[in-house]
Amino acid sequence: SGEYLVGLQASKVFFLMSDQSRIKTEIDLKESVANTYSLVLVLEQSKLTLEQSLDNLNKTLVEMREMYNQGFIENTDVDQIELTTLNVTNSLNSISRQVKTTMDLMKFQLGMPYENELVLTDSLGSIAGGITMESVMEKSFDVNQNINYQILQTQEKLGVLSLKREKSTYLPNLAAVYRHSEKVNQPAFDFAPKDVFQLSMNIPIFSSGQRNVKVQQRQLELNKIVNTRDNVANGLKLDYNNALNEMATAYENYLNNQKNIDLTSRIYEKTLIKYKEGLSTSLDLTNVQNQYLQAQGDYYTAVYTLITTKNKLDKLNNNL
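**A short note on the overall build of the protein chain**
Reasoning step 1: When you go through the protein chain residue by residue, the secondary structure sums to seven helices and two strands.
Reasoning step 2: Seen in sequence order, the protein chain has helices and strands lined up from the N terminus as α-α-α-α-α-β-β-α-α.
Reasoning step 3: A compact globule built from 320 residues would reach a C-alpha radius of gyration of about 20 Å, whereas the protein chain, at 36 Å, exceeds it by more than 25%.
Reasoning step 4: In terms of principal-axis extent, the alpha carbons of the protein chain reach across some 135 × 50 × 35 Å.
Reasoning step 5: Within the structure as shown, the protein chain displays about 19,800 Å² of accessible surface, and the carbon and sulfur contribution to it stands at 54%.
Reasoning step 6: Across the protein chain, the 32 positively charged side chains and the 37 negatively charged ones have centroids separated by 13 Å.

Given below as structure tokens:
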């Protein structure tokens, strides 16, 4: 029958859809793991920066206490630096816990036991340094490579087969049977044939219009799938352009925050020298220290945004 033949074709398409669903799950998981991986690197680098800052603050605090004992500065100056040291210590403890929590999240995403050790071999600088706008702009977006669009294309194929199946009900059904039999104790006179072949045909003539209604329903469903596919294609192109603009902004912020770190680092070092020479106050030194830490935080945020935006673009292009 026509329905049987269409069913054979549909089984292959259903297998294709199942495989595409698996691919989509893998792509989503890759993006999640890549983003979490980058987040761990960002947190670890932030932790290292805070450790270095805390070490410098502790050394400065020791020097200031000695200067206070010798009467060169007031007790308020020492308290101000000690307050900054405590704040940095709290931030360091908090980010240390965040590193462990995010690492556990990545183990969960990978299906790893929590007690297993996970070592990240890439550095934040190598990942961010390998991203350039030139390499991104030279690639054009092909909607046919997007897995979501491919799934809709497969759904369209199923819609076509569903319509074809309903139309096949207008066709005749042909059935053929062949039977061969052998008898152990065959009588001398046996008129029963050993081979029997039967052929029958069912020709549909009247169905009170039900077949026509079902065909119209399947045609309407197919039209909806086609419209959805076209809308998704336009939406994916818009998402790609938006992600491209987001990455351009993220890349500019990344470059600017790199410069900000160098500037705030030099400002802090000069202010520390001036403070030791009595040319600036402890409040000036604290403000500059906070400015440097803020620049570090903005830089790592920019790096993470740059990486995740690049991952989003790669996902849209099915290039993760």
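**Some words on the nonpolar core**
Reasoning step 1: Membership of the largest hydrophobic core comes to 56 residues, with the highest contact counts inside it found for M106, L120 and Y254.
Reasoning step 2: Mapped onto this core, the elements with two or more residues apiece are α1 (2-69), α2 (75-110), α3 (124-129), α4 (133-137), α6 (210-276) and α7 (282-316).
Reasoning step 3: With 13 residues, α6 is the largest single contributor of residues to this core.
Reasoning step 4: Among residues more than four places away in sequence, those in contact with L120 are Y37, V40, L41, M103 and M106.
Reasoning step 5: V6, A10, M17 and L158 belong to the second largest nonpolar core, which has six residues in total.

**Here's the deal with the packing of aromatic side chains**
The relation between two aromatic rings is expressed through the spacing of the ring centres and the mutual angle of the planes.
Reasoning step 1: The tally for this structure, following the rule as stated, stands at four aromatic pairs.
Reasoning step 2: For the ring pair Y251 and Y254, a centre distance of 6.2 Å and an interplane angle of 40° mean the geometry is tilted. Within this pair, Y251 and its partner Y254 are both found in helix α6, separated by three residues, close to a single helical turn.
Reasoning step 3: Accessibility expressed as a relative area gives 8% for Y254, which makes it buried.

**Here we look at the confidence of the model for the protein chain**
Reasoning step 1: Summing up the model confidence of the protein chain, the mean pLDDT is 87 and the portion of residues at 70 or higher is 99%.
Reasoning step 2: α2 holds the highest mean pLDDT among the elements of the protein chain, 90, whereas α4 holds the lowest, 81.

**Regarding the pattern of salt bridges**
Reasoning step 1: All told, the structure shown has 15 salt bridges when counted by the stated rule.
Reasoning step 2: The residue R22 makes a salt bridge to E26 at a minimum N-O spacing of 2.9 Å. A residue pair is termed a helical-turn pair when its members lie 3 or 4 positions apart in one helix, as R22 and E26 do in helix α1 at four residues.
Reasoning step 3: A salt bridge links K194 to E182, with the shortest nitrogen-to-oxygen separation between them at 3.8 Å. Remark: E182 occurs in the loop between β1 (173-180) and β2 (195-202) and K194 occurs in the loop between β1 and β2; sequence separation between them is 12 residues.
Reasoning step 4: Note on E182: relative accessible area 54%, which makes it exposed.
Reasoning step 5: Here the salt bridges share partners, and the residues they tie into one network are K24, D28, E31 and K315.

**Looking at unusual backbone geometry**
Reasoning step 1: Positive phi, normally seen in glycine, also occurs at N318, with a value near 55°.
Reasoning step 2: Tracing the backbone shows N318 in the segment after α7.
Reasoning step 3: On the basis of relative accessibility, which here comes to 31%, the residue N318 falls in the partly exposed class.

**Some remarks on the environment of A250**
Reasoning step 1: Secondary-structure assignment places A250 in helix α6.
Reasoning step 2: On a C-alpha basis, the gap between A250 and T308 in space is 9.8 Å, while along the polypeptide they are 58 residues apart.

**Section: the environment of K315**
Reasoning step 1: Residue placement: K315 occurs in helix α7.
Reasoning step 2: Take K315: its relative accessible area is 24%, and that puts it in the partly exposed class.
Reasoning step 3: If sequence neighbours within four positions are ignored, K315 has contacts with I27, D28, E31, N146 and L320.
Reasoning step 4: At 2.9 Å, the side chain of K315 forms a polar contact with the side chain of D28.

Reading guide: rules and limits
- All residue numbers refer to position in the chain's written sequence, counted from 1.
- Since the coordinates come from a predicted model, pLDDT governs what is reported: local features require at least 70, and pairs of side-chain atoms require 80 or more to be given and counted, while whole-chain, interface and lining totals use all residues.
- Water and hydrogen atoms were dropped before computing side-chain values, which therefore reflect all heavy atoms in the structure.
- Strands are runs of DSSP state E lasting at least two residues, helices are runs of H or I lasting at least four, and both sets are numbered from the N terminus onward.
- Radius of gyration here uses only the C-alpha atoms, and the compact-globule reference equals 2.2 Å multiplied by the residue count raised to the power 0.38.
- Residue burial considers only the protein chains on display, and all accessible areas are found by Shrake-Rupley using a 1.4 Å probe.
- Asp and Glu are treated as the negative residues and Lys and Arg as the positive ones, with His and the ends of the chain left uncounted.
- For the purpose of locating charges, the reference atoms are NZ of Lys, CZ of Arg, CG of Asp and CD of Glu.
- What is meant by a nonpolar core is a set of buried Ala, Val, Leu, Ile, Met, Phe, Trp, Tyr and Cys residues, joined one to another through side-chain atoms within 4.5 Å.
- Any residue under 20% of the maximum accessible area for its type is buried, any over 50% is exposed, and the rest in between are partly exposed; the area is computed with a 1.4 Å probe on protein chains only.
- Residues count as neighbours in contact if any of their non-hydrogen atoms are within 4.5 Å of one another.
- Between 30 and 60 degrees the pair is tilted, below 30 it is stacked and above 60 it is edge-to-face, where a pair is any two Phe, Tyr or Trp rings, Trp via its six-membered ring, whose centres lie within 6.5 Å.
- Every residue carries a pLDDT, the predictor's confidence in it, which falls somewhere between 0 and 100.
- By definition here, a salt bridge exists when the distance from a side-chain nitrogen of Lys or Arg to a carboxyl oxygen of Asp or Glu is within 4 Å.
- Any N or O atom pair separated by 3.5 Å or less is treated as a polar contact, with the protein-specific requirement of one donor-capable and one acceptor-capable atom, and with residues adjacent in sequence counted only for side-chain atom pairs.

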